[in-house]
Amino acid sequence: MEEKKKRIFSGIQPSGDLTLGSYMGAIKNWVALQDEYDCLYCIVDMHAITVRQVPADLRKRSLEQLAQYIACGLDPDKNIMFIQSHVPQHAELSWVLGCYTQFGELSRMTQFKDKSQKHADNITAGLFTYPVLMAADILLYQADLVPVGQDQKQHVELCRDIAQRFNGVYSDTFTLPEPFIPKMGARIMSLGDPSSKMSKSDPEGCVYLMDSPDAVARKFKRAVTDCETAVRFDPEQKPGVSNLLTIYCAATGKTLAETESAFAGQGYGVFKPAVGDAVIELLRPIREEATRLLGDKAYLESVYRAGAERAARLAEKTLRKVYKKVGFVAK
Ligand code: TRP
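Treat the numbers as computed from the prediction; the structure is a model and nothing was measured.

Calculation rules
- Residues numbered from 1 in each chain as written.
- Predicted model: local features only at pLDDT ≥ 70, side-chain atom pairs only at ≥ 80, totals over all residues.
- Heavy atoms only, no water.
- Near = heavy atom within 4 Å.
- Polar contact = N/O pair within 3.5 Å; in protein donor to acceptor, adjacent residues only side chain to side chain.
- Areas by Shrake-Rupley, 256 points an atom, 1.4 Å probe, with all protein chains shown as cover.
- Helix = DSSP H or I, 4+ residues; strand = E, 2+ residues; numbered from the N terminus.
- Core = buried A, V, L, I, M, F, W, Y, C linked by side-chain atoms within 4.5 Å.
- Buried < 20%, exposed > 50% of the residue type's maximum accessible area, 1.4 Å probe, protein only.
- Contact = heavy atoms within 4.5 Å.
- Phe/Tyr/Trp six-rings, centres within 6.5 Å; stacked < 30°, edge-to-face > 60°.
- Axes fitted to C-alpha atoms, helices over the stretch in contact; angles between N-to-C directions.
- Parallel < 35°, antiparallel > 145°, perpendicular 65-115°, else oblique.
- Left-handed = near helix turned anticlockwise from the far one by under 90°.
- Nonpolar A, V, L, I, M, F, W, Y, C, P; charged D, E, K, R; others polar.

### Structural notes on the site of the ligand
Then, in step 1: Near the ligand you find 13 residues, and of these Gln13, Tyr130, Met134, Asp137 and Gln152 are the closest.
Then, in step 2: Side-chain polar atom of Asp137 to a nitrogen atom of the ligand: 2.6 Å apart, as the coordinates give it.
Then, in step 3: In this structure, a nitrogen atom belonging to the ligand sits 3.0 Å away from a side-chain N or O atom of Gln152.
Then, in step 4: The protein chains hide 90% of the 370 Å² of surface that the ligand would expose on its own.
Then, in step 5: Elements that contribute at least two residues to the shell around the ligand include exactly β1 (7–12) and α7 (125–140).

### Regarding the nonpolar core
Then, in step 1: Ranked by size, the top nonpolar core spans 60 residues in total, and within it Leu20, Met24, Tyr69 and Phe220 carry the most contacts.
Then, in step 2: Tallying contributions element by element places helix α12 (residues 268–294) first for this core, with 13 residues.
Then, in step 3: Beyond its immediate stretch of four places on either side in the chain, Phe220 contacts Leu20, Leu191, Val207, Leu244, Ile247, Lys272, Val275, Gly276 and Val279.
Then, in step 4: Listed in part, the 42 residues of the second largest apolar core include Leu40, Val87, Leu93 and Phe166.

### Brief notes about the packing of aromatic side chains
Then, in step 1: The full count for this structure, using the stated rule, is 16 aromatic pairs.
Then, in step 2: On the basis of an interplanar angle of 70 degrees and a centroid distance of 5.2 Å, the ring pair of Tyr100 and Phe166 is categorised as edge-to-face. One end of the pair, Tyr100, is in the loop between α4 (89–98) and α5 (103–107); the other, Phe166, is in helix α8 (residues 153–170), and 66 residues separate them in sequence. Of the two residues, Tyr100 and Phe166, both sit in the buried class.
Then, in step 3: Look at Phe103 and Phe128: their rings are 5.0 Å apart centre to centre, the planes differ by 45 degrees, and that puts the pair in the tilted class.

### Structural notes on the packing of α4 against helix α13 (residues 297–326)
The description of two packed helices rests on the angle between their axes and on the distance between the axes.
Then, in step 1: Closest axis-to-axis distance for the α4/α13 pair is 10 Å, and the angle between their directions is 25 degrees. Considering the angle they form, α4 stands roughly parallel to α13. Note that α4 runs across α13; the crossing there is left-handed. The residues of α13 that touch α4, namely those facing Gln89, Glu92, Leu93 and Val96, are Ala312, Ala315, Glu316, Leu319, Val322, Tyr323 and Val326.
Then, in step 2: Among the residues making up the contact of α4 with α13, the classes are represented as 8 nonpolar, 1 polar and 2 charged.

### Observations concerning unusual backbone geometry
Then, in step 1: In this structure, Gln142 takes a positive phi of about 55 degrees despite not being glycine.
Then, in step 2: Tracing the backbone shows Gln142 in the loop between α7 and β4 (145–147).
Then, in step 3: Of note, the phi angle at Ser171 is positive, near 80 degrees, even though the residue is not glycine.
Then, in step 4: Positionally, Ser171 belongs in the loop between α8 and β5 (178–180).

Below, the structure written as structure tokens:
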């Protein structure tokens, strides 16, 4: 008998355009996982409104994100791809889980502390309870593994704590998920400030998947390096160059050693444009395919509708169980 595949859930907020960092750090790995695992990949629009969004932009970016997921190689037949707000069970389970989460636990979340500093004029209850919604995303589907970056590990751990607590009170209900930080996941840093992660809210330091070749070339030419000339991987002493090496290797599939020796003695004037060219070639087919898909709204609609239907079927099963266990009267 075929062994049951493990289930994976992950999502990205459509709060900004997808970047080279989202691709190399997350989506590329999702693509690699799609055959071996039973995967759900979500566009978490409900998380995005925890900080203020322009409605028309949010709507547009959510669709673009779906087109880009597909253009990056995620297959809508192999994976369940959907938009979070289309599956109401996320909000429903989130309410219940919120009643099994401590105020103190949420207060300790480092992302909440950071974001509430950044958005000091708009610290909403939604921003505070964001990890509860994330726990609902994961637990609804009984996910075993949650591929996330280091910055989301604390949220997955909280999700696990909530699940464990609920299971303890009511008997086994939820699979306990684990953060899954893939080995090959590259952590891409800002081109302008290599000490911080490439972020979609920093247009100059980040490369968007849909950037034109000219824009990509310009951003790499301007990338911050150091005052030496050697193309050498040394994240401590040479964070900028090391980040460019990581990007070059991820874009071309070459090893660090190969790349260092290929550029030995050539200096940054040669290296930086070469990284730009490698990224331009990597992104070209993705950008072209995403653009083509965005012209086919009917197709995108069929994908997100089918995705939401499949997701809701799984989600509803979990939600019924939960409602029964906490003592709600069956409909
Ligand atoms: N909080 C995640 C982020 O900002 C996005 C997210 C929402 C997520 N729900 C999730 C990631 C569930 C993994 C699983 O990156």
